[in-house]
Amino acid sequence: MEKDAGNSIQEYEAIISHQERNIYNLSQLLEISKSFASTLESKTLAESLLYTCLGQMHVMAAGIFSLKQVGASDYTLDESFVGFDLLPQINYSFKETEGLIPYLNEMGKSTAIDELEEVLKDSYDLVILKSLNASLAVPMIYQKHIVGILVLGQRIFGEEENLFTVEEKEQILDIATLAALSINTAMLIEQSSTDMLTHLKLRHFFFNVANNRLSQAIETNTPLAIVMLDIDHFKRFNDIYGHACGDFVLQRIAHILQSSIRTDDIAARYGGEEFIMMLHNVTEFEADKVTERIRNAIENDDIVFSDIHMQVTISIGYTILNPEQVQDKKVKLEYLVNLADEALYNSKHNGRNRVTYLPLNC
């Protein structure tokens, strides 16, 4: 009888311990979901998920393979990782239709890398995972569709304790599912604010972000530049070679603009063949250097459409807000845009294919 009573007490204590862990895990998930819900910016969401993984799973590295743009079919690691040492000869990208992605989509569970070895065998996906020295792959599923793959590195405890328990696998899957919901919402907003032709931001999105950046710039005494750009004689590309050619030119120019700015800057399609940019924390000299580099890159770019080589030029105008040099701390974004637009008009009027700067008059 005493032995049975002792066993009952142990079983009861085990149940209590299990329920306490469940309560703790649920409270952790609640806090994590609050964190994910606090932002709709993909980059911030990714960072939040990665550092959550490091803390919750006690791993030394974590990364997210995701679709980087609308219509993409490859899940790419890109810059969304912490702690991994990437090898230059490896293409860190999973195909949507083969290997790891279909398997995880079908299984819908966290899977250890040693389990995947039997499934993937000679697949290049396995080469990628092993090059990362990964320990676990977690599908980020939203409505039965994978929006990303969360890959965890080795645990900090050491090789003998590197295995994940069933409970831990379920916990990280729950976290990944919460992140998938937030990331999917962010992607929908990304799609609604992105020009499908050029993949640049739309005008209304630019004004929303730039207004916030302008307020921050004034508060922190940080200069910023507003730049207007317009493709010279754009109508002739449509008239001579057709609208498909015009679209191709717009896409090429947009690519050059996007590749010429930093992460904190923003480029958008203003309308038609016009573009607008905001350059963060730049002097007049730095802004002139960036805009001149863009102008030169476009002029010297060999744009080929249907075996036709075309030279494209662009006119640019910009202005700079330096909060330390202005008396009016309530400068409106519309004023800066109009001034940059006037500078652009001057570039057009004075022969095109040039950069013009107009200072603030305040």
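What comes next concerns the included structure. (Residues numbered from 1 in each chain as written. Predicted model: local features only at pLDDT ≥ 70, side-chain atom pairs only at ≥ 80, totals over all residues. Heavy atoms only, no water.)

## Considerations on the pairing of strand β6 (residues 136-142)
No. 1: Across the seven residues that make up β6, a large majority, six, are buried.
No. 2: Relative to β6, strand β5 (residues 111-112) runs antiparallel, the two being bridged by two bridges. Each bridged residue has a counterpart across the sheet, and for A112 the counterpart in β6 is L136.
No. 3: Bridge count for β6 against strand β7 (residues 145-152) is seven bridges, and the pairing is antiparallel. What sits directly across from Y142, in β7, is H145.
No. 4: The hairpin formed by β6 and β7 contains two residues between the paired strands, and Q143 there has a positive phi angle of roughly 50°. (Buried < 20%, exposed > 50% of the residue type's maximum accessible area, 1.4 Å probe, protein only. Helix = DSSP H or I, 4+ residues; strand = E, 2+ residues; numbered from the N terminus. Pairing = 2+ DSSP bridges.)

## Focus: the side chain of T291
No. 1: Tracing the chain through its elements places T291 in helix α10 (residues 284-299).
No. 2: When its relative accessible area of 0% is taken as the criterion, T291 is described as buried.
No. 3: Those residues within four positions of T291 in sequence are excluded, and the remaining contacts are V227, I316, Y318 and V355. (Contact = heavy atoms within 4.5 Å.)

## Notes on the nonpolar core
No. 1: Residues L229, I231, V249, I253, F275, M277 and L279 are the most contacted members of the largest nonpolar core, which totals 33 residues.
No. 2: Those elements that provide at least two residues to this core are β9 (224-231), α9 (243-259), β11 (274-280), α10, β12 (303-305) and β14 (314-321).
No. 3: In terms of residue count, the dominant contributor to this core is α9 (seven residues).
No. 4: Among residues more than four places away in sequence, those in contact with V249 are I231, F234, F237, M310 and V312.
No. 5: A46, M57, V138 and L150 belong to the second-largest nonpolar core, a separate cluster that totals 27 residues. (Core = buried A, V, L, I, M, F, W, Y, C linked by side-chain atoms within 4.5 Å.)

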